[in-house]
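Topology and contacts: notes
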Amino acid sequence: MNTEPKIKVGILGATGSVGQKFISLLENHPWFEITEIAASKKSAGKKYNEAVNWVLSNPIPKSICEKIIKECKPNLECKIVFSGLDSSVAGEIEKDFAQNGYTVISNSKNHRMDEDVPLLIPEVNPDHLDIIKNQKYNGGAIITNPNCSAIGLTIALKPLMDNFGIESVNVVTMQAISGGGIDLMKSDSFKDNVIPFISGEEGKMETEPLKILGNFNSDKIKNADFPISAQCNRVNVFDGHTECVQVKLKKKVSSEKIIEAWQNFNALPQRLALPSAPENPIHYFDSENLPQPKLQKDIDKGMAVSIGRLRKDKLFDFKFVVLSHNTIRGAAGGAILCAELLYTKSLIK
Ligand code: NAP
């Protein structure tokens, strides 16, 4: 049992969709406790329950309910800041915190493709963490969590790449409303509708998996070199992103071997038994109508990726469906898992 005092953490963007999930998931965390919450000037100075438009089904944790929201300035009493900031402001604020000695774990796009910043999925590329030694942040560091759809896709591709090699990938997403932030949730635009555009999303889906699946040679990450084509759609589902994937592989292989590779996929967070790690990163479903957001999004603490409908494809070799929880595996839960990995590797100063 861990008897050390808990590490103090702050949440930047605490009022947002991702910020709320951080607050909910960190209640009773064995290693971390929230000591600070921060958001925009509009919310700063207010009690959390007065400023937030709480969208989760479980209530606001008691310890946070009346806590005063601060501005996102690097004078917070904590070591780690989890960022769920709007990307229009995240870049500068996160840099400011890192330069002032904080470990920043970000969900925003701004620093993801920086050469010295790991784009981390602890099950896929834990070795990339070592690149933070190249950062010049005065004792602090920035670690980023990938795009919410890229996480599900990349976890599904990792065992395929390692076992059979990948030639090319095509993916079409059906993404949940909660992925569009509180403003989208408050609007009516998604009702009875499909929106065939999510700003910047296709570019992220086509590039981020290649960095994550890239080779780290102790100094640089060399991106994986297969093409990915993505089309991203917003659909009327509250939580859980679904993706229809087609893949061409380097080796000829049977469906059974692919399913076996997914089911045997077990990585460092599982071996270390990190508190937020799913028991199995990938769950494969044989039923022809699964996975579905309503039924599988919360599986294994909302941290597992569900896959189903593997079948032969006439254009590529195989096609299948991937589902993952966008605000847990794809955001707050994934970021907390990154922090747990940093903690076990003694990388939190
Ligand atoms: P959101 O609901 O719109 O929340 C944005 C947060 O940023 C709010 O707390 C807001 O505070 C704060 N903020 C806005 N302007 C600010 C400013 N000038 N200074 C300080 N704080 C400011 O967005 P979200 O969906 O949680 O997404 C947050 C980030 O995570 C985005 O970069 C998004 O792309 C990324 N992401 C989201 C998901 C998802 O599933 N939602 C998944 C992965 C990554 P106020 O309430 O005070 O305005």
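Residues numbered from 1 in each chain as written. Predicted model: local features only at pLDDT ≥ 70, side-chain atom pairs only at ≥ 80, totals over all residues. Heavy atoms only, no water.

Most peptide bonds adopt trans geometry, and most residues besides glycine take a negative phi value. Here Leu-290 and Pro-291 are connected by a cis peptide whose omega angle stands at 10°. With respect to the secondary-structure elements, Pro-291 resides in the loop between strand E13 (282-285) and helix H10 (293-296). A positive phi angle is found at Arg-309, which is not glycine, with a value near 55°. With respect to the element layout, Arg-309 can be found in strand E14 (residues 305-312). (Helix = DSSP H or I, 4+ residues; strand = E, 2+ residues; numbered from the N terminus.)

If you look at the biggest cluster of nonpolar residues, it comprises 43 residues, and the most contacted ones within it are Phe-32, Tyr-48 and Phe-82. Contributions of two or more residues to this core are made by strand E1 (7-12), helix H1 (17-26), strand E2 (32-39), strand E4 (80-83), strand E6 (141-144) and helix H11 (328-344). Residue assignment places this core across two domains, with domain 1 (7-147 + 332-344) and domain 2 (148-325) each supplying three or more. In this view, Phe-32 contacts Lys-6, Ile-7, Val-9, Leu-26, Ile-80, Ile-336, Ala-339, Glu-340 and Tyr-343; residues no more than four positions away in its chain are not counted. Ile-212, Phe-226, Cys-232 and Ile-258 belong to the second-largest nonpolar core, a separate cluster that totals 42 residues. (Core = buried A, V, L, I, M, F, W, Y, C linked by side-chain atoms within 4.5 Å. Buried < 20%, exposed > 50% of the residue type's maximum accessible area, 1.4 Å probe, protein only. Domains from an automatic or database assignment. Contact = heavy atoms within 4.5 Å.)

Further remarks concern the sheet that holds strand E5 (residues 103-106). If you walk across this open sheet you meet the six strands as E3-E2-E1-E4-E5-E6, and the pairing is parallel. The outermost strands of the open sheet, each flanked by one partner alone, are strand E3 (70-71) and E6. Bridging between E5 and E6 involves four bridges; their strand directions are parallel. Following the sheet pairing, Thr-103 is matched in E6 by Ala-141. Contacts from H11 reach E1, E2, E4, E5 and E6 within the one sheet, and its direction differs from that of E5 by about 150°. (Pairing = 2+ DSSP bridges. Axes fitted to C-alpha atoms, helices over the stretch in contact; angles between N-to-C directions.)

Below, the discussion takes up the environment of Met-161. Positionally, Met-161 belongs in helix H5 (residues 148-164). Separated by 89 residues in the primary sequence, Met-161 and Lys-250 place their C-alpha atoms 8.8 Å from one another. When neighbours within four sequence positions are excluded, Met-161 is seen to be in contact with Ile-166, Leu-213 and Phe-226.

This paragraph deals with the packing of H5 against helix H7 (residues 201-212). Following both chains from N to C, one finds H5 and H7 inclined at 45°, their axes separated by 9 Å at the closest point. Compared by their axis directions, H5 and H7 come out oblique. The interaxial crossing formed by H5 with H7 has right-handed handedness. Taken together, the residues of H7 that come into contact with H5 (itself represented by Cys-148, Ser-149, Ala-150, Leu-153 and Thr-154) are Glu-201, Met-205, Glu-208, Pro-209 and Ile-212. (Parallel < 35°, antiparallel > 145°, perpendicular 65-115°, else oblique. Left-handed = near helix turned anticlockwise from the far one by under 90°.)

Here seven strands make up an open sheet; going across it, the order is E8-E11-E7-E12-E15-E14-E13 and the pairing mixed. At either end of the open sheet lies a strand with only one pairing partner, and these are strand E8 (194-195) and E13. Pairing analysis gives seven bridges linking strand E7 (residues 166-175) to strand E11 (residues 228-235), with the strands arranged parallel. The residue bridging Val-172 from the neighbouring strand is Gln-231, located in E11. Where H7 meets the sheet, it contacts E7, E11 and strand E12 (241-249), and its direction lies at approximately 135° from that of E11.

You can read the domains of the protein as domain 1 (7-147 + 332-344) and domain 2 (148-325). Taking only C-alpha atoms into account, the centre of domain 1 sits 23 Å from that of domain 2. Across the contact, 39 residues belong to domain 1 and 41 residues belong to domain 2. Between domain 1 and domain 2, roughly 3,000 Å² of surface is buried when both sides are summed, and carbon and sulfur atoms account for 67% of that area. It is Glu-123, Val-124 and Asn-147 that lose the most area in domain 1 upon contact with domain 2, and together they represent 25% of the buried surface on that side. Linking domain 1 with domain 2 are one salt bridge, by the criterion used here. A salt bridge links Arg-112 to Glu-208; the nearest nitrogen and oxygen atoms lie 2.9 Å apart. In this structure, the connection of domain 1 to domain 2 is made through 15 residue pairs in polar contact (both at pLDDT 80 or more). (Buried area = accessible area lost by both parts, 1.4 Å probe. Salt bridge = Lys/Arg side-chain N within 4 Å of Asp/Glu carboxyl O. Polar contact = N/O pair within 3.5 Å; in protein donor to acceptor, adjacent residues only side chain to side chain.)

Turning next to the site of the ligand. Close to the ligand lie 27 residues, the nearest being Thr-15, Ser-17, Val-18, Ser-40 and Ser-43. Residue Lys-42 places a side-chain N or O atom 3.3 Å away from an oxygen atom belonging to the ligand. A distance of 2.9 Å is found between a nitrogen atom of the ligand and a backbone nitrogen or oxygen belonging to Ser-178. Its free accessible area being 900 Å², the ligand has 80% of it covered by the protein chains. Of all the secondary structure elements, the ones that give two or more residues to the shell around the ligand are H1, helix H4 (87-99), helix H6 (181-186) and H11. Of the residues assigned to the shell around the ligand, the class counts are nine nonpolar, 16 polar and two charged. Residues from two domains meet in the shell around the ligand; each of domain 1 (7-147 + 332-344) and domain 2 (148-325) gives at least three. (Near = heavy atom within 4 Å. Areas by Shrake-Rupley, 256 points an atom, 1.4 Å probe, with all protein chains shown as cover. Nonpolar A, V, L, I, M, F, W, Y, C, P; charged D, E, K, R; others polar.)

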